[in-house]
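Examination of the molecular architecture
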Amino acid sequence: MIIFDEINSVFKLDTNTTSYVMGLADGKYLGHIYYGKKLESTDLSYLLRTQEHPFVPSQKPFEKLSFLDSFPMEYPTGAIGDFRESCIDVRDGNGQTGLEPVYAGHRIYEGKDGLDGLPALWGDNCQTLEIALLDSCVGVKLLLSYSVFADCDAVIRSVKAENAGKDAVYLDRVLSACLEMDDEEYEMLSLPGAWSRERHITRQPLHSGSFVTESVRGESSHQDHPFLAAVSKNCTQTAGDVYAMHFVYSGNFLAKAQRNQYGTLRMALGIHPERFCWKLGPGEAFQAPEAVLVYSDEGLGKMTRTLHDLYRGHLIRSGYKGKERPVLINNWEATYFDFDTEKLLSIARESAKLGIEMLVMDDGWFGHRENEYSSLGDWVVNENKLPGGLGYLVDEVNKLGMKFGIWFEPEMISPDSDLYRRHPDWALQLKGRTPSLARGQLVLDLSRPEVVDYVYGCISKILHSANIEYVKWDMNRGVSDIGNTVLPPDRQGEISHRYMLEVYELQERLITEFPDLLLENCSSGGGRFDPGMLYYSPQIWCSDDTDAIERLQIQEGTQLLYPMSTIGAHVSDCPNDTLGRVTPFETRGVVALAGTFGYELDITKISQKERDMVPSQIAAYKKYAPLIREGDYYRIASFRENHLYDCYEIVSKDKTQAAVFFVQVFNEPSVRSRRIRLQGLKENARYEVDGKTYQGGALMYAGLLRERLRGDFQAEVIEVREISG
Ligand code: DGJ
């Protein structure tokens, strides 16, 4: 899978259908040669273009500046002649920046090492290439790492920077991955959004200059997503080139594409350099998070399926990933803060009768929290609301045959809390300034070990106090006022990343001590839905917007990268709390099937007619759960593009069955039936749909006819089954 061709000084990493190629120029500079369809040949060093004549004002061939500013550097550094985007900036003891790392060796080994304290792809059947680069002037060594799995068309990259010198240096920037390519007028595909509008797929041409998607909010964020793809102009779901970069990290990120004077494109991804500075003492090292690269020559669909397989097979660790998740009911939209034991039990009793399997008690059970403005940090049960404590409540829920889950927001502190009154310095803050409140709360300084221990102790104590089988880990504000009273001035720039490392550490402790716990991450909806969090929790709450129609676009953007089994999706009440829209209960059920199915409403208050539909919705979830968990995803049509209907399909790996999810958002008088072209079936097999048989090829290329449904906001699931014999 990975080879080094000594004669040509070329490294080649192969996956099933792609090759990633680098080469050494002059035995020193590591250049990017090629990423694309699989190649046999390694005789590719001519693509480094080292013999081409330089550009003015350089007159002599190989004047260094001219070379550095045009060479397709695999891991570019700034300040000494490459004026394009740099991946690393190291400031030395003289306050000067400049790095010229040159090849200093490599090793290829079986398997892949984990990253200390960071989420990382894992698995056997894998090879890793490590290339060492050294700048002997400052004494900084870079270890570029590349891994490929035998069963996935992806390249996993990361970078470690070591201070091999005698004096301390400062990392002002250390990105994780870069791609260089000849620009063929790619479009930039990214996933911007907002609260309740997460991950909307957006494409735009990059004519000149740069395209940036980024977060400096201390979380991967609602507003942008740590993902960027260059796609060929006419790229569709089934055709065209895609070069995708996805960051396995949950904090600040920068993803940038830059089109330069020579008509080449540089794409870089990593921790955002803004408000980042990491001090490296002699002998110390900094490990940057991993980036996943995917190339597809068969459009976006193939990229999606590659990422889904990669994350299911090599990122998510939870035992739940291969198991059916309990159908849950969450009380947030049902009660908000206004609940007590009796109210929760009334919801549980009704839920149990209908086949719902777990009650999740959301925000408001601790301290004296009656609204957003108090008690975060005081993780003690409010016995006024819950007389008899958690023990009684959980026992009663268990007696109904249901599991019990609980909500926490461990990273936060309310100024109105006993914790804050005891430790006002535990909140992140800048010297002499009052920190900014958001949702009435401040952010805990997780870079202090005593804070982390306190928080963990609280969670662990609560989980030991009753039979709690699920935790929703929430995080409801961006991280501002990034300063603390313990780190020295030249380490204040480390706080954002240290914060993220501690969040990871906390979750690692949690799933280690409670290995059977089902952990669901959340951040004001989907503000921290990223591969980093998936390493710890097999599912993430997708969005606070539970309106079935809004969810179509949010879930489409999320499904573009993430398996459906990771996407928290619930049926909520109508009129919808965010939008006021009314959609049929059936439609809400079909849309929520595209994720970890559950309910978020007061089941005692909905109509009898709706209650009666719950058992059949649960039966549908159970029927499709294995397909949704393990199958291949195909996007057939997008409401985002056609403004009329949405359609996606899941096909079992052996192609013997499929489920097609069709949502007719608007009815049209002039359309009596719609042709749906399925994907991913066996061309020559025969399939049954609604009692009729079709050839796979006919369903895929000619299509299936669906009569229009009556009314707007209608939905159905179409079952496709191979007929044996
Ligand atoms: C934001 C989450 O997204 C909601 O589901 C809910 O848990 C609230 N926080 C509680 O404060």
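Throughout what follows, the structure given in this document is the object of discussion. (Residues numbered from 1 in each chain as written. Predicted model: local features only at pLDDT ≥ 70, side-chain atom pairs only at ≥ 80, totals over all residues. Heavy atoms only, no water.)

**Structural notes on the overall build of the chain**
On a plain count of helices and strands, the chain comes out with 14 helices and 38 strands. In terms of overall dimensions, the chain has C-alpha extents of about 85 × 70 × 45 Å along its principal axes. Total accessible area on the chain is roughly 26600 Å²; 49% of this is exposed by carbon and sulfur atoms. Across the chain, the mean location of the 77 positive side-chain charges is 3 Å away from that of the 105 negative side-chain charges. (Helix = DSSP H or I, 4+ residues; strand = E, 2+ residues; numbered from the N terminus. Areas by Shrake-Rupley, 256 points an atom, 1.4 Å probe, with all protein chains shown as cover. Lys, Arg positive; Asp, Glu negative; His and termini not counted. Charge placed at Lys NZ, Arg CZ, Asp CG, Glu CD.)

**Examining the site of the ligand**
Around the ligand, 13 residues are found, and the nearest of them are D362, D363, K472, D474 and D544. W407 is positioned with one of its side-chain polar atoms (N or O) 3.1 Å from an oxygen atom of the ligand. At a separation of 3.3 Å, a nitrogen atom of the ligand approaches a polar side-chain atom of N476. When the ligand is considered free in solution it has 300 Å² of accessible area, and contact with the protein chains removes 99% of it. Here the shell around the ligand is composed, by residue class, of four nonpolar, three polar and six charged. (Near = heavy atom within 4 Å. Polar contact = N/O pair within 3.5 Å; in protein donor to acceptor, adjacent residues only side chain to side chain. Nonpolar A, V, L, I, M, F, W, Y, C, P; charged D, E, K, R; others polar.)

**Digging into the side chain of T15**
With respect to the helices and strands, T15 occurs in the loop between β2 (10-14) and β3 (18-25). Within the structure, the side chain of T15 is placed 2.5 Å from the side chain of T18, a separation counted as a polar contact. A distance of 2.6 Å separates polar atoms of two side chains, one belonging to T15 and the other to D153. Non-local contacts of T15, meaning those with residues more than four positions away in its chain, are made with K38, V148, C152, D153 and A154. (Contact = heavy atoms within 4.5 Å.)

**Quick look at the sheet that holds strand β23 (residues 403-408)**
Read around the closed barrel, eight strands run β21-β22-β23-β26-β27-β28-β29-β30, paired in parallel fashion. Pairs of neighbouring strands in the sheet enclose a mean axial angle of 30 degrees, with direction left out of account. Helix-sheet contacts for helix α4 (residues 341-354) involve β21 (328-330) and β22 (358-361), and the interaxial angle to β22 is about 160 degrees. Packed onto the sheet, helix α8 (residues 495-513) meets β26 (470-473) and β27 (518-521) and runs at close to 160 degrees relative to β27. (Pairing = 2+ DSSP bridges. Axes fitted to C-alpha atoms, helices over the stretch in contact; angles between N-to-C directions.)

**Comments concerning α4**
An ideal rise of 1.5 Å per residue puts 20 Å on 14 residues; α4 measures up with 20 Å between its terminal C-alpha atoms. The complete set of buried residues in α4 reads T341, L344, L345, I347, A348, E350, S351 and L354. Positioned one or two residues after α4, G355 has a phi angle of 105 degrees, which is positive. (Expected span 1.5 Å × (residues − 1). Buried < 20%, exposed > 50% of the residue type's maximum accessible area, 1.4 Å probe, protein only.)

**Topic: the packing of aromatic side chains**
All chains considered together, the criterion is met by 37 aromatic pairs. An angle of 65 degrees between the planes, with centres 5.1 Å apart, marks the rings of Y20 and Y35 as edge-to-face. With Y20 in strand β3 and Y35 in strand β4 (residues 29-37), this residue pair connects regions lying 15 residues apart in the sequence. Take Y35: its relative accessible area is 4%, and that puts it in the buried class. Geometrically, the ring pair formed by Y648 and F661 is stacked, given 5.2 Å between the ring centres and 15 degrees between the ring planes. (Phe/Tyr/Trp six-rings, centres within 6.5 Å; stacked < 30°, edge-to-face > 60°.)

**Regarding unusual backbone geometry**
A cis amide bond links C574 with the next residue in sequence, P575, at an omega value of -5 degrees. Turning to its location among the elements, P575 is positioned in the loop between β29 (567-572) and α11 (585-593).

**Let's talk about the packing of helix α7 (residues 449-465) against α8**
Here α7 crosses α8 at 30 degrees, and the two axes come no closer than 11 Å. Comparing their axes, α8 and α7 come out roughly parallel. Between α7 and α8 lies a crossing of right-handed hand. For the pair formed by α7 and α8, the contact residues are V452, D453, V455, Y456, I459, S460, L463 and H464 on the first element and E502, L506, R509, L510 and E513 on the second. Residues of the contact of α7 with α8, tallied by class, amount to seven nonpolar, two polar and four charged. (Parallel < 35°, antiparallel > 145°, perpendicular 65-115°, else oblique. Left-handed = near helix turned anticlockwise from the far one by under 90°.)

**Examining the packing of helix α10 (residues 548-559) against α11**
Axis angle and axis distance: for two packed helices, these are the angle between their axes and the distance between the axes, and together they describe the pair. For the pair α10 and α11, interaxial distance at closest approach is 10 Å and the crossing angle is 15 degrees. Between α10 and α11, the angle falls in the class roughly parallel. As for the relative orientation of α10 and α11, their crossing is left-handed in sense. In this structure, α10 uses A548, R551, L552 and Q555 to contact α11, whose residues at the interface are T587, R588 and V591. Residue composition of the contact of α10 with α11, by class: three nonpolar, two polar and two charged.

**Description of the nonpolar core**
Nonpolar side chains in soluble globular proteins tend to end up buried together. Counting residues in each nonpolar core, the largest one holds 198 residues, and the members touching the most others are W365, L390, I406 and Y599. Excluding residues that lie within four positions of it along the chain, W365 makes contacts with F339, W379, V380, V381, N382, L386, I406, W407, F408 and I462. With 20 residues, the next largest nonpolar core counts Y645, L681, M700 and V720 among its residues. (Core = buried A, V, L, I, M, F, W, Y, C linked by side-chain atoms within 4.5 Å.)

**Thoughts on empty space enclosed by the protein**
Inspection of the entire model under this criterion finds nine cavities of 30 Å³ or more. Around the largest cavity, the lining is made up of 13 residues, and of these Y29, M73, Y75, T77 and P101 lie nearest the centre. Taken together, the residues of the lining of the largest cavity sort by class into ten nonpolar, one polar and two charged. Roughly 90 Å³ of volume is contained in the second largest cavity. (1 Å grid on protein atoms, 1.4 Å probe; cavity = no way out; pocket = protein on both sides within 12 Å on 5 of 7 lines; lining within 4 Å. Points joined across faces, edges and corners; volume = space filled by probe spheres on them.)

**Some details on the pairing of strand β30 (residues 596-600)**
With five of five residues buried, β30 is to be regarded as a mostly interior element. Burial of β30 is two-sided: the residues T596, G598 and E600 facing one way and the residues F597 and Y599 facing the other way are all buried. Alignment of β21 against β30, held across two bridges, turns out to be parallel. Looking at the pairing, L328 lines up with G598 of β30. Sheet topology places β29 next to β30; five bridges connect them, and they run parallel.

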